[in-house]
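Coordinate analysis (summary)
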2 protein chains.
Amino acid sequence: MIVMKIGGSVITDKKRLKALRLHALNAIAESISKCEEEIIIIHGAGSFGHILADKYRVTSGSALPSQISEIHRDVRELNLAVMNALISKGVHSISIPPWDVVVMSMGSISSFSPRPFKHAIERGLTPVTFGDVVPDTIRVFSICSGDDLALMLAKEFAPNIVVFLSDVDGVLSANGSVLRRVRVGELEEIASVADGRADVTGGMKRKVEIMGKICGLGIPCAVVNGLASDRVERALRGDIEGTLILP
Amino acid sequence: MIVMKIGGSVITDKKRLKALRLHALNAIAESISKCEEEIIIIHGAGSFGHILADKYRVTSGSALPSQISEIHRDVRELNLAVMNALISKGVHSISIPPWDVVVMSMGSISSFSPRPFKHAIERGLTPVTFGDVVPDTIRVFSICSGDDLALMLAKEFAPNIVVFLSDVDGVLSANGSVLRRVRVGELEEIASVADGRADVTGGMKRKVEIMGKICGLGIPCAVVNGLASDRVERALRGDIEGTLILP
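Report on the accompanying structure. (Residues numbered from 1 in each chain as written. Chains lettered and ligands numbered in written order. Predicted model: local features only at pLDDT ≥ 70, side-chain atom pairs only at ≥ 80, totals over all residues. Heavy atoms only, no water.)

A tally of regular secondary structure across chain A gives 9 helices and 12 strands. Relative to the compact-globule value of 18 Å for 247 residues, chain A shows a C-alpha radius of gyration of 17 Å, a close match. Taking the principal axes of its C-alpha atoms as reference, chain A extends roughly 45 × 40 × 35 Å. Long-range pairs, those at least 24 residues apart, make up 74% of the contacts in chain A between residues at least 6 apart in sequence. Approximately 9200 Å² of chain A is accessible, and the part contributed by carbon and sulfur atoms is 48%. Of note, chain A has its 28 positive side-chain charges centred 2 Å away from the centre of its 28 negative side-chain charges. (Helix = DSSP H or I, 4+ residues; strand = E, 2+ residues; numbered from the N terminus. Rg over C-alpha atoms; globule rule 2.2 N^0.38 Å. Contact = heavy atoms within 4.5 Å. Areas by Shrake-Rupley, 256 points an atom, 1.4 Å probe, with all protein chains shown as cover. Lys, Arg positive; Asp, Glu negative; His and termini not counted. Charge placed at Lys NZ, Arg CZ, Asp CG, Glu CD.)

Below, the structure is given as structure tokens:
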């Protein structure tokens, strides 16, 4: 099994509210349709979620129900576009929103229910989940990122690899070149210098932290440019052009 | 609390594939926005679900994953239209798909998880669920109807009333006139004659059966014409023009 997270920066223009990159989305869906392994798909919320989540300060615990409802609706709109792309390419997918399976406490996942994912996989369906608003026992509401979900799904389903599709060619070294293969032990050092990008769910620093945890389970991770469709297709065959992070 | 089920025949044209009745939907959303009580909303799948579910013979257990995925996507499209209507009228709603909370066995609900609904209500959000495909332990897949969900939610949340919005004026007596007030004991007799309509989830006969079970919990039910928006608004204030079914 493969867990693949499609970054919000790949399928949306993160600077413009609700701006879908349909061409990139369709190319990724096409690549996924050629994958012969079981796959669980996660997508980021991109500009369908982060712009308003930031404006309404969801992570500081001050968002109102009306604002949560608005973000949730926008993200569901992106998710429907993803489902349309996947199904039109023959990927028999089913959408599982995180509200129904995740509870957070102060922004960390405190409870995760894998059952809807298991039900889908057992029945030949490809589960699709996504970064979205979730209940938080302390802050009332939190944002559960696609990266958080990738870690939970890795813990639960022990995939062969977790592939992160990004809008860059991989994890960059201090001198700006793409690291091809790195051990998890090198990640901490990389994290301290690769913090150029930031979004409400933490950017590359947080992603490196998550990948460190996934590698800690003995599962390799990869960061691949999702805008290069041949690389996506190859990554799903185990041929990583990007950064391969080994446990 | 009120549980309200919006019939698929009210917000879609059940004979034409994926034909939304936007005017009716917006009028109902407007009525809901004036409701001062806590409310859980359920909507039927209408022609976004039943036409293909029938064609693919989901209830006989012979549907393929590709077909389930297609139905699920179509129903999610209707659900997004409902969410858009509600949110545009100021109803702070959140969508909870039945795949994540229901398991059926031979078409009967064998497991139901109320947690996502509780999380929503506790946080000032209005939960919205809907008739859709769900896992079935025997048939692989089943259709969980909005009426099935109404019974589960009534059991779990003990609302003051369960209101069913239909495209008719109420439950009809043998001579075709609308019954204004009936006791649950009279329902069996009514069911045997009110079986003119039928859809893949059973039509009025099945609805009467479900209402019998809800009344068995001590909770009254109402059948109100959802195409008459003043009646919807009044029903949400406890003033039923339609059929009131008493325990």
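From this point, the narrative continues.
Turning next to the sheet that holds strand S12 (residues 242-246) of chain B. Residues and elements named next belong to chain B. Spatially, 8 strands are ordered S3-S6-S2-S1-S9-S11-S12-S10 in an open sheet, and the strand pairing comes out mixed. Looking at strand neighbours, the two that pair on one side only are strand S3 (93-95) and strand S10 (181-183), the edges of this open sheet. Averaged over all neighbouring strand pairs, the angle between strand axes comes to 20°, with direction disregarded. By the bridge criterion, 3 bridges tie S3 to strand S6 (residues 126-130) in an arrangement that is parallel. Pairing of isoleucine 94 across the sheet is with proline 127, part of S6. Contacting strand S2 (39-43), S3 and S6, helix H4 (residues 65-88) crosses the sheet at an angle of about 155° to S6. In the packing of helix H6 (residues 146-157) onto the sheet, the strands contacted are strand S1 (2-6), S2, S6 and strand S9 (161-166), and the crossing angle to S2 comes to about 160°. (Pairing = 2+ DSSP bridges. Axes fitted to C-alpha atoms, helices over the stretch in contact; angles between N-to-C directions.)

Let us look at the relation of the copies chain B and chain A. With an RMSD of 0.0 Å, the fit of chain B onto chain A corresponds to turning through 180° and sliding 0.0 Å along the axis. What we have between these two chains is a two-fold relation. Minimal C-alpha separation from the rotation axis in chain B is found for aspartate 100 of chain B, amounting to 3.2 Å. (Least-squares fit on C-alpha atoms with pLDDT ≥ 70 in both.)

So, about the packing of aromatic side chains. Residue and element names in this part refer to chain A. In this structure the tally under the stated criterion is 4 aromatic pairs over all chains. Ring geometry for tryptophan 99 versus phenylalanine 141: centroids 6.4 Å apart, planes at 35°, classification tilted. One end of the pair, tryptophan 99, is in the loop between strand S3 (93-95) and strand S4 (102-105); the other, phenylalanine 141, is in strand S8 (residues 140-144), with 42 residues separating them in the sequence. Owing to a relative accessible area of 1%, tryptophan 99 belongs among the buried residues under this scheme. (Phe/Tyr/Trp six-rings, centres within 6.5 Å; stacked < 30°, edge-to-face > 60°. Buried < 20%, exposed > 50% of the residue type's maximum accessible area, 1.4 Å probe, protein only.)

Residues and elements named next belong to chain B. Taking 1.5 Å per residue, 12 residues should reach 16 Å; H6 reaches 16 Å between its end C-alpha atoms and fits that length. Counting buried positions along H6 gives 10 out of 12 residues, so the element sits mostly inside the fold. All buried positions along H6 are accounted for by Gly146, Asp147, Asp148, Leu149, Ala150, Leu151, Met152, Leu153, Ala154 and Phe157. Positive backbone phi, at 40°, marks alanine 158, one or two positions downstream of H6. (Expected span 1.5 Å × (residues − 1).)

The next thing to look at is the side chain of arginine 231 of chain B. Residues and elements named next belong to chain B. Considering the arrangement of structural elements, one finds arginine 231 in helix H9 (residues 229-235). With a relative accessible area of 18%, arginine 231 lands in the buried category. Of note is the side chain of arginine 231, whose polar atom sits 2.9 Å from the side chain of aspartate 169. Beyond its immediate chain neighbours, meaning those up to four positions away, arginine 231 contacts Asp169, Val224, Asn225 and Glu241. (Polar contact = N/O pair within 3.5 Å; in protein donor to acceptor, adjacent residues only side chain to side chain.)

In this complex, chain B contributes 38 residues to the contact, which on the side of chain A involves 38 residues. For the pair chain B and chain A, the two sides together bury roughly 3100 Å², of which 61% comes from carbon and sulfur. When residues of chain B are sorted by the area they lose upon contact with chain A, Trp99, Asp100 and Arg123 of chain B head the list and together hold 21% of the total. Remark: the boundary between chain B and chain A carries 0 salt bridges. Seen at the junction of chain B and chain A, the total is 16 residue pairs in polar contact (both at pLDDT 80 or more). (Buried area = accessible area lost by both parts, 1.4 Å probe. Salt bridge = Lys/Arg side-chain N within 4 Å of Asp/Glu carboxyl O.)

To continue, consider the packing of helix H4 (residues 65-88) of chain A against H4 of chain B. The geometry of H4 of chain A relative to H4 of chain B is characterised by a closest axis approach of 10 Å and an angle of 155° between their N-to-C directions. It follows from the interaxial angle that H4 of chain A and H4 of chain B lie roughly antiparallel. Judged by the sense of rotation from one axis to the other, the crossing of H4 of chain A with H4 of chain B is left-handed. Contact with H4 of chain A, carried on its side by Ser69, His72, Arg73, Arg76, Glu77, Asn79, Leu80, Met83, Asn84 and Ile87 of chain A, involves Ser69, His72, Arg73, Arg76, Glu77, Asn79, Leu80, Met83, Asn84 and Ile87 of chain B of H4 of chain B and no other residues of that element. Taken together, the residues of the contact of H4 of chain A with H4 of chain B sort by class into 6 nonpolar, 8 polar and 6 charged. (Parallel < 35°, antiparallel > 145°, perpendicular 65-115°, else oblique. Left-handed = near helix turned anticlockwise from the far one by under 90°. Nonpolar A, V, L, I, M, F, W, Y, C, P; charged D, E, K, R; others polar.)

All names here are of chain B. Note on placement: lysine 207 falls in helix H8 (residues 203-216). Given the relative accessible area of 10%, lysine 207 is considered buried. Spatially, the C-alpha atom of lysine 207 lies 9.1 Å from that of phenylalanine 164, the residues being 43 residues apart in sequence. Leave out the neighbours within four places in its chain, and lysine 207 touches Lys5, Asp147 and Phe164. Of note is the side chain of lysine 207, whose polar atom sits 3.2 Å from the side chain of aspartate 147.

It is worth spelling out the sheet that holds strand S12 (residues 242-246) of chain A at this point. The strands that make up a sheet pair up through hydrogen bonds in the backbone, lying either parallel or antiparallel. Residue and element names in this part refer to chain A. With mixed pairing, the 8 strands of this open sheet are ordered in space as S3-S6-S2-S1-S9-S11-S12-S10. In this open sheet, the two edge strands, each paired with only one partner strand, are S3 and strand S10 (181-183). Ignoring strand direction, the axes of neighbouring strands in this sheet form an average angle of 20°. Note that S10 and S12 share 3 bridges and pair parallel. Directly across from valine 182, in S12, lies its bridge partner isoleucine 245. The sheet strands contacting helix H6 (residues 146-157) are strand S1 (2-6), strand S2 (39-43), strand S6 (126-130) and strand S9 (161-166), and the helix crosses S2 at an angle near 160°.

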